[in-house]
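# Topology and contacts: notes
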Amino acid sequence: MAPVDEPAALLDRMLGGDRRALARLLSLAESEPARFDPIADRVAAAAHARAGKTLRVGITGPGGAGKSSLIDAWIKVARARQETVAVLATDPSSERSGGALLGDRVRLAQEAPDDGVYFRSVATRGAAGGLAHTGFDQADLLDAFGFDWLLVEAVGAGQGEIEVSFACDVTVVVFAPGGGDAVQALKAGLMEVGDLFCVNKADLPGADAAAATLRSVVELAPARGAAQPAPVVLVSATTGSGVAELPARVRALGQEKIASGEAERRRRARLERRVRHLLQRDFERRLRDDATLARLRAETPAAASGGPRRIAAEIAARLLR
Ligand SMILES: Nc1nc2c(ncn2[C@@H]2O[C@H](COP(=O)(O)OP(=O)(O)OP(=O)(O)O)[C@@H](O)[C@H]2O)c(=O)[nH]1
Ligand SMILES: [Mg+2]
């Protein structure tokens, strides 16, 4: 029998509902990719086989808009309905401020430990903005484990929000009133990935105006694959207004996507994205060890044979052989 901490054995235990095995595998995906890689496709297949049971929701938007607060409120709504929630959070603000991670905050606020909620932060080291490469594996692990919801928080700082939309079935973009966020969002490509837009902090002045502006922007830029412009809703994580309806609304959007074939299209796009990631990672690794490149660093330019294109073509031909 394989040792109990072998990745394959851990996966068997995790699929049987063992949380400690889940935690170990999440860590493995993050810090020992070489050990995780051999089981990664089994994890992806297990997640795929359950397709649709776990709704993967990306929650993105500018820093401080209230993403974590909304997730916090979302958990309460879901738990009141006996639904289970996993949260995958990239929480760079907490690193900056040294404050508590969302998970700690929610755990502290809970009266008793709750088995129906699971938190994990993604290390964003080296990833531009949001979801690191390992985030995809971690999302698959949590999906395969079988929560009703997988909420993925990513800061809309560039590439991150695009990644999160690939990793998830439905993407919610959160704004707060003021600050010209809609204009920023247009620049960052946020408008294209949003399936639903939340103007949070509806208790603050300017929320109605922000929602009106967003609606006019959304009319101009319909969400990917949707027949209708994405809805814009006003919510307040603090007062709770509009929050109770949010999960059901997102669930309905997810079901619409399944019915229209968009969910399947998105899953294929996710697969392609992941394959590209892996090829790029593999290529980068090989380039790191490439003798020709090392020689270029060592030699004076005059001694290098040929121009950049010729050298690149030679290396590519060798690596792809
Ligand atoms: N007035 C008001 N404040 C809110 C509301 N929701 C969140 N906040 C506050 O806004 C601040 C930022 O909230 P977070 O939930 O941490 O925002 P975030 O988008 O997760 O922030 P980052 O992860 O740093 O990008 C906190 O001080 C919250 O208390 C709301 O509905 N109304
Ligand atoms: Mg946050």
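A quick note: this is a predicted structure, and the numbers were derived from the prediction, not measured. Every chain's residues receive numbers from 1 upward, in the order its sequence appears when written. The naming scheme follows written order: chains are lettered A onward, ligands numbered 1 onward. Since the coordinates come from a predicted model, pLDDT governs what is reported: local features require at least 70, and pairs of side-chain atoms require 80 or more to be given and counted, while whole-chain, interface and lining totals use all residues.

## Quick notes on the nonpolar core
- Nonpolar cores are built from buried Ala, Val, Leu, Ile, Met, Phe, Trp, Tyr and Cys residues. These are joined into a set through C-beta atoms within 7 Å. Partly exposed residues are those whose C-beta has more than 12 but fewer than 20 other C-beta atoms within 10 Å; with 20 or more the residue is buried, with 12 or fewer it is exposed, and the C-beta atoms are placed from the backbone. One finds Leu25, Val57, Leu150, Leu151, Val152 and Phe175 to be the most contacted residues of the largest nonpolar core, which totals 77 residues.
- Residue contacts for Leu150: discarding those within four places in its chain leaves Thr54, Arg56, Val57, Ala86, Leu88, Ala139, Leu142 and Asp143. Here, residue contact means that the backbone-derived C-beta atoms of the two residues sit within 7 Å.

## Quick notes on the sheet that holds strand β2 (residues 85-89)
- Spatial strand order, β3-β2-β4-β1-β5-β6-β7: 7 strands in an open sheet with parallel pairing. Edge positions in the sheet fall to β3 (117-121) and β7 (232-234), since each has one partner strand and no second. Along the sheet, successive strands turn relative to each other by an average axial angle of 20°, direction set aside.
- By definition, two strands form a pair when at least two bridges between them are found by DSSP. Secondary structure elements follow DSSP: runs of H or I of four or more residues count as helices, runs of E of two or more count as strands, with numbering from the N terminus. Taken together, the 5 bridges between β2 and β3 define a ladder with parallel strand orientation. To get an axis, fit a line to the C-alpha atoms, keeping to the stretch in contact for a helix; angles then go from 0 to 180 degrees between the N-to-C directions.

## A look at the pairing of β2
- Judged by how many residues are buried, β2 sits mostly within the fold: 5 of 5 residues are covered.
- Alternating residues of β2 divide into Val85, Val87 and Ala89 and Ala86 and Leu88, and every residue in both groups is buried.
- Across 5 bridges, the pairing between β2 and strand β4 (residues 149-155) is parallel. Looking at β4, one finds that Val87 is bridged to Leu151.

## Focus on helix α4 (residues 67-80)
- Expected span of a helix: the number of residues minus one, times 1.5 Å. Over its 14 residues, α4 runs 20 Å from end to end, which matches the ideal 20 Å to within 8%, given 1.5 Å per residue.
- Buried residues of α4: Lys67, Ser68, Ser69, Leu70, Ile71, Ala73, Trp74 and Ile75, and no others.
- In the stretch just after α4, Gln82 is the one whose phi turns positive, near 65°.

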